[in-house]
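# Residue-level structural notes
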Amino acid sequence: MSDSVQNPPEVGAAVPGGATNAAHASFAFVREHAWLLGGIAALLAVNLFADPAFLKLGWRDGHVYGVPVDILLQGSRTTLLALGMTLVIATGGVDLSVGSLVAIAGAVSALLLNQGAGLFLTLAAALGVGVVGGAINGTLVARIGLQPIVATLILMVAGRGVAQLISGGQVIIFSHAGFEYLANGYLLGLPVAPLLVAAAFVGTHLLLRKTAAGLFIEAVGDNETASHFVGIAAARIKALTYVFSGLCAGLTGVLTAANIRAADANRAGENAELDAIFAVVVGGTALTGGRFTLLGTFLGAVLIQTLTTTMYYRGVPPAIAPVPKAIVIVAVCLIQSEELRARLRRFLPGAKGAA
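As a starting point, this report considers the structure included with it. (Residues numbered from 1 in each chain as written. Predicted model: local features only at pLDDT ≥ 70, side-chain atom pairs only at ≥ 80, totals over all residues. Heavy atoms only, no water.)

The next thing to look at is the overall build of the protein chain. Helix and strand counts for the protein chain stand at 16 helices and 6 strands. Projected onto its principal axes, the C-alpha positions of the protein chain cover 65 × 55 × 40 Å. The buried share of the protein chain, reckoned over its 355 residues, is 46%. Considering only contacts within the protein chain whose residues lie at least 6 apart along the sequence, 75% involve residues at least 24 apart. (Helix = DSSP H or I, 4+ residues; strand = E, 2+ residues; numbered from the N terminus. Buried < 20%, exposed > 50% of the residue type's maximum accessible area, 1.4 Å probe, protein only. Contact = heavy atoms within 4.5 Å.)

Written out as structure tokens, the structure is:
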């Protein structure tokens, strides 16, 4: 039986029973992600202890500012990549090429803007690059049958070279107010980039939970063979998740280039695929596929960005910053492990009620 049937639906999903079932789903989500929420709260507590103004929000030059805004702004790109990665992982796959697609989309955008192309043509080209890259991955995985880690590793390696070829190995600087507004602008006092990512999350949630698309993805991730025999186009669904992941990577490339007003084929999207995978995993979506949670992915991205911001604030050198990040991620994953909880309950009888 599918996990989606065994477990309560994602918060906000359409369920029979009205407010009672919605409250039950909300309680189940909080209970399931208690350790993740606790990790975010612990990081905030550490920062508040060191600096009581850490969570302070202010208003300046017509927009809100403060560290929480910086966390959402800087974390928006990882969150967007994690959105696409969630669907790929839900089908039992993984997409290692998103970082390279970010670099290609940024290079294409900078090149077109410097040649006088309009904003919409530039955005269409950047998003098209992501879609094409995702389609290549989807074809290799779903139609040809390559292992996802191998298929996407090809584009991960080759894509970085393609980005270097497009940019001529140089950092391409550009100036375009409309394009830069996407990453550095404000709408009604709020940063535009997190608003775009929030809209992408809400739109994806509605598409997956108000239609059968979400169940199809979970069915393919649970058992691809069984889903095929009940009439689900498993290969097509799996391929489309890679296309969607590529689309998210293309938009992330736009935001990355717009944020620094330049395209850096060497550094843009560097290790971004790892942060995206971490956000999905610590958010509660299993690497084995099946049931997924977009809200859990969002919280996982917030945890990673809060941790990154904390290290910057505490003066941790960038060279060793991945070490504490890896330790915290491993700790959260271990704490979420049902097997570990079962072992703890055997050795700590008092933990039985809390688990």
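Alright, that's what it looks like, and here's the rest.
Residues Phe-179, Ile-217, Phe-292 and Leu-294 are the most contacted members of the largest nonpolar core, which totals 30 residues. Secondary structure elements with two or more residues in this core: α4 (67-90), α5 (98-114), α6 (119-143), α8 (177-184), α9 (192-209), α10 (213-222) and α12 (234-260). Residue contributions to this core peak at 7 residues, all from α12. Grouped together as the second largest cluster of nonpolar side chains are 26 residues, Val-98, Ala-249, Ala-276 and Ala-279 included. (Core = buried A, V, L, I, M, F, W, Y, C linked by side-chain atoms within 4.5 Å.)

Its 24 residues place the ends of α4 32 Å apart at the C-alpha level, agreeing with the 34 Å of an ideal helix rising 1.5 Å per residue. Of all the bends found along α4, the most pronounced is centred on Ser-76 and spans about 45°. With respect to burial, α4 is a largely interior element, 20 of its 24 residues being buried. Directly after α4, the chain includes Gly-92, whose backbone phi takes a positive value near 90°. (Expected span 1.5 Å × (residues − 1). Bend = angle between axes of the 7 residues up to and from the residue.)

We now examine a nonpolar patch on the surface. Taken together, the side chains of Ile-144, Leu-146, Ile-149, Val-150 and Ile-154 define a hydrophobic patch exposed on the protein surface, amounting to about 430 Å² of accessible area. Structurally, the position occupied by Val-150 is in helix α7 (residues 148-167). (Patch = residues over 30% accessible without salt bridge, like charges linked within 9 Å, V, L, I, M, F, W, Y side chains within 5 Å. Areas by Shrake-Rupley, 256 points an atom, 1.4 Å probe, with all protein chains shown as cover. Salt bridge = Lys/Arg side-chain N within 4 Å of Asp/Glu carboxyl O.)

A few words on the side chain of Thr-293. Within the secondary structure layout, Thr-293 lies in the loop between α13 (272-282) and α14 (294-313). The class of Thr-293 is buried, set by a relative accessible area of 2%. A distance of 3.0 Å separates a polar side-chain atom of Thr-293 from the backbone nitrogen of Gly-296. (Polar contact = N/O pair within 3.5 Å; in protein donor to acceptor, adjacent residues only side chain to side chain.)

Take the packing of α6 against α12 next. Closest axis-to-axis distance for the α6/α12 pair is 7 Å, and the angle between their directions is 150°. The angle between α6 and α12 places the two elements in the roughly antiparallel class. Crossing geometry of α6 relative to α12 is assigned as right-handed. Within the contact between the two elements, α6 uses Leu-123, Ala-126, Leu-127, Gly-130, Val-131, Gly-134, Ala-135, Asn-137, Gly-138, Val-141, Ala-142 and Arg-143 and α12 uses Ala-235, Arg-236, Lys-238, Ala-239, Tyr-242, Val-243, Gly-246, Leu-247, Gly-250, Leu-251 and Val-254. Along the lines of polarity and charge, the residues of the contact of α6 with α12 split into 14 nonpolar, 6 polar and 3 charged. (Axes fitted to C-alpha atoms, helices over the stretch in contact; angles between N-to-C directions. Parallel < 35°, antiparallel > 145°, perpendicular 65-115°, else oblique. Left-handed = near helix turned anticlockwise from the far one by under 90°. Nonpolar A, V, L, I, M, F, W, Y, C, P; charged D, E, K, R; others polar.)

Right, let's talk about the pattern of salt bridges for a bit. Within this structure, the stated rule accounts for 4 salt bridges. The partner of Glu-270 in a salt bridge is Arg-267, with the nearest N and O atoms 2.6 Å apart. For Glu-270, a relative accessible area of 41% translates into the label partly exposed. The exposed category is assigned to Arg-267, whose relative accessible area is 55%.

The final tally for this structure, using the stated rule, is 3 aromatic pairs. Seen from their ring centres, Phe-174 and Phe-179 are 5.4 Å apart, and the 80° between their planes marks the pair as edge-to-face. Look at Phe-201 and Phe-298: their rings are 6.2 Å apart centre to centre, the planes differ by 70°, and that puts the pair in the edge-to-face class. Here Phe-201 is found in helix α9, whereas its partner Phe-298 is found in helix α14, with 97 residues between them in sequence. Over the ring of Tyr-65 we find Arg-60, and its NZ or CZ is 4.2 Å from the ring centre. Note that Arg-209 overlies the ring of Phe-292, its terminal NZ or CZ placed 4.6 Å from the centroid. (Phe/Tyr/Trp six-rings, centres within 6.5 Å; stacked < 30°, edge-to-face > 60°. Lys NZ or Arg CZ within 6 Å of the ring centre and 35° of its normal.)

What follows deals with the environment of Ala-82. Mapped onto the secondary structure, Ala-82 falls in helix α4. Using a relative accessible area of 0% as the deciding quantity, one classes Ala-82 as buried. Sequence-distant contacts of Ala-82, defined by excluding residues within four places in its chain, comprise Ala-276, Ala-279, Val-280 and Thr-297.

In this structure, Leu-43 sits in helix α3 (residues 34-50). If we skip the residues at most four places from it in the chain, Leu-43 touches Leu-303, Thr-306, Leu-307 and Thr-310.

Turning to the packing of α4 against α13, a few remarks are in order. Following both chains from N to C, one finds α4 and α13 inclined at 65°, their axes separated by 8 Å at the closest point. For the pair α4 and α13, the crossing hand works out as right-handed. Residues Thr-78, Leu-81, Ala-82, Met-85, Thr-86 and Ile-89 of α4 pack against Ala-272, Glu-273, Asp-275, Ala-276, Ile-277, Ala-279 and Val-280 of α13. Of the residues in the contact of α4 with α13, the class split is 9 nonpolar, 2 polar and 2 charged.

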